[in-house]
Amino acid sequence: MEKEKDYFQLIYRIIIALIAVGFLTVIWPFISGVILMLVFAFLLTTVLLSFVDGLERKIKSRGLSVLAVTMAVLASIGLFIGSFIAQLSAQAKDFTSRVDQDTLTAEFKALAEKFTSAMPSFMREMQPSDSDFASTLSGFIKTVLENLTSLAGVVGNFFFMAAMVFIFTIILLAEYHHFKKTLVQFISNKYFEVGLRLIFNVEKAVSSYLRGQFLAAASVGVMSMIGLGILNFFGANLTLVVFIGIIAGLANLIPLVGPFVGMIPAILISFMNNIGNEAALAHKMFGVVPSPFFLVDIILMFIIVQQIEGNLITPTLVGKSVGIHPMMVMIALLIGGTLLGPLGMLFAVPTTGILKVIGQEISFVRKNAHLL
Amino acid sequence: MKSALWPNVFKGWNKTESETVLTLKSVPVFKGFTDKEFSELEQLIHRRTYKPNEYVFKNQAPGEGMYIIVFGGVKISIGSRQGKEQVLAELTAGDFFGELALLGDEPRSASAIATDHSKLLGFFKPDLFSLLERNPVLGNKVLMNLAQVIGERLRKTNQLLVEAQTG
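Bear in mind the structure is a predicted one, so any value in this text is a computation, not a measurement.

A. Fine view of the packing of aromatic side chains. Taken as a whole and judged by the stated rule, the model has 12 aromatic pairs over all chains. Look at Phe80(A) and Phe243(A): their rings are 5.6 Å apart centre to centre, the planes differ by 45 degrees, and that puts the pair in the tilted class. With Phe80(A) in helix α2 (residues 62–98) and Phe243(A) in helix α8 (residues 241–251), this pair connects stretches of sequence that are 163 residues apart. According to the relative accessible area criterion, Phe80(A) is partly exposed, its value standing at 22%. Accessibility expressed as a relative area gives 8% for Phe243(A), which makes it buried. Measuring from ring centre to ring centre gives 5.8 Å for Phe158(A) and Phe159(A), while their planes differ by 75 degrees; the resulting arrangement is edge-to-face. By relative accessible area, Phe159(A) is classed as partly exposed at 47%. Every member of this aromatic cluster is reached through a ring pair, and the members are Phe192(A), Phe57(B), Tyr67(B), Phe97(B) and Phe124(B). When the ring centre of Tyr55(B) is taken as origin, the NZ or CZ atom of Lys58(B), which lies over that ring, is 5.1 Å away. The aromatic ring of Phe57(B) is capped on one face by Arg108(B), whose charged end is 3.9 Å from the ring centroid.

See the structure below:
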């Protein structure tokens, strides 16, 4: 009789779960955007909450604290984007005034020849003889530039999402403690203390992970700036050093893939600034390794920065706050990347961390279930 | 025509203290708090209602914090209700229990069961940590008062021990 009841319970639960999954599949396309914005807002709130709480402690006003912190964040973002665009357009203007289409093709040709001559003979033979690498590459760049206008829609959508995330964040920051209290009121007496414990532990894990990640990103940014400064000392002629550093730091937030993404702006700037410079084209790292346009130097510098960050800074700052096995990190990144692209990769590890904490708490509750 | 201005201007002047604040004022853990501090604490406190015979917490369960009785009653007991139950204390409105859980990770040392329809106020570890972060002065006041309450209990226990040994 008892067994029969168990079976009925199981079937009932499976049916409920299937209905829930089906319902979610139907409504997901309509709500996924809002959920994504809320998740972003929650993560941003977690990062900014300690600043707001700290300021509230000093000025004794929650509203003013939220206002001051959000204004500071907006001002920094505005300052960064504004000066980045200004400097980038100045850089682009300088680049176009210095280099015309023919020079660009000629430079690509020289670069391609350099690469081809550096290849082993069997690889050289593998290249199709009629392919003009240089003109293909410059044609490709032209197409990319022409298609830039179609990005306007995407940018508009991005700004709308960013504005909504910011509004959600302001509301969450102002009402965070009140929202949390309201939420826990719905927990039944039996699970009340365990529920509080779960929320507290998840909060703690997420905030310590995010804070650690941001500190690690800041350290990568600063180290990249120093590294680029050193390369400039040896004649690399790199501009926008601060922005390259910030982008490298931000890219570092995405594990495994980020570090490589961080190198790209530096390589592009080096190429743009040194095009037509024979000395830069013939540069050799340590006087031995051929490194046209300081490419190998830049890659090596970023690898060194990543190694210092990965082996010294992150273990000290982040420690074992999330403590996920590297294999799990890779799987989480692949799943996140497949589901939501780069954003999914950014959120993959903290989400896995939250799931791990929830799993640990569930196992704790199961162990103590007879005491609830 | 009656003006609505003056009643609005003076609205809140004769505001009486809430039931929660009145209850909190009787608890030694919140001794020495100003009215403003009590209203800040009121924002953190959780209000829970219990039916007669409902467990507030069970013996050996992981504990997260303390409870204060607004109305109703709670008995503190060890042993199961089916077997040999030993009631250690019967608590009523204004009494508090479970405060040791605020300071350590040890499991509950007894069960707490509502004896009547009861309304309890809960103050838990996450609330204390939040208070210590957002208002350290107030958080430290709670810790100092907690230390005093526990010290007082220890003194009484020692006295009982001495009395039991001497005869």
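B. Local environment of the pairing of strand β4 (residues 74–78) of chain B. All names here are of chain B. Across the 5 residues that make up β4, a large majority, 4, are buried. Bridge count between β4 and strand β5 (residues 86–91): 5 bridges; the pairing is antiparallel. Directly across from Val 74, in β5, lies its bridge partner Leu 91. In this sheet, strand β7 (residues 111–114) lies alongside β4 in antiparallel orientation, the contact comprising 4 bridges. Looking across to β7, one finds that Ser 77 is bridged to Ser 111.

C. Representation of helix α3 (residues 35–44) of chain B. All names here are of chain B. Listed as buried for α3 are Glu 37, Phe 38, Leu 41, Glu 42 and Leu 44. Seen from one end, α3 has its buried residues packed into an arc of 150 degrees, which puts them on one side. For α3, exposure combined with an orientation more than 90 degrees from the buried face picks out Asp 35, Lys 36 and Gln 43.

D. Molecular detail of unusual backbone geometry. Residues and elements named next belong to chain B. Here Asn 53, not a glycine, exhibits a phi torsion of approximately 70 degrees, which is positive. Inspection of the secondary structure assignment puts Asn 53 in the loop between β1 (46–50) and β2 (55–57). When its relative accessible area of 49% is taken as the criterion, Asn 53 is described as partly exposed. Its identity as a non-glycine residue notwithstanding, Gln 60 has a phi of 75 degrees, on the positive side.

E. Broad picture of the pattern of salt bridges. As enumerated under the stated definition, the model contains 11 salt bridges over all chains in all. A salt bridge links Arg47(B) to Glu42(B); its shortest N-O distance comes to 3.7 Å. Each of Asp53(A), Glu56(A) and Arg62(A) takes part in salt bridges that share partners, so that together they form one network.

F. Just the sheet that holds β2(B), in detail. Residues and elements named next belong to chain B. The antiparallel open sheet is built from 4 strands, whose spatial order is β2-β7-β4-β5. Two strands close off the open sheet at either side, each with one partner strand: β2 and β5. Averaged over neighbouring strand pairs, the angle between their axes works out to 30 degrees when direction is ignored.

Rules and cut-offs
Residues numbered from 1 in each chain as written. Chains lettered and ligands numbered in written order. Predicted model: local features only at pLDDT ≥ 70, side-chain atom pairs only at ≥ 80, totals over all residues. Heavy atoms only, no water. Phe/Tyr/Trp six-rings, centres within 6.5 Å; stacked < 30°, edge-to-face > 60°. Helix = DSSP H or I, 4+ residues; strand = E, 2+ residues; numbered from the N terminus. Buried < 20%, exposed > 50% of the residue type's maximum accessible area, 1.4 Å probe, protein only. Lys NZ or Arg CZ within 6 Å of the ring centre and 35° of its normal. Pairing = 2+ DSSP bridges. Arc of directions from axis to C-beta. Salt bridge = Lys/Arg side-chain N within 4 Å of Asp/Glu carboxyl O. Axes fitted to C-alpha atoms, helices over the stretch in contact; angles between N-to-C directions.

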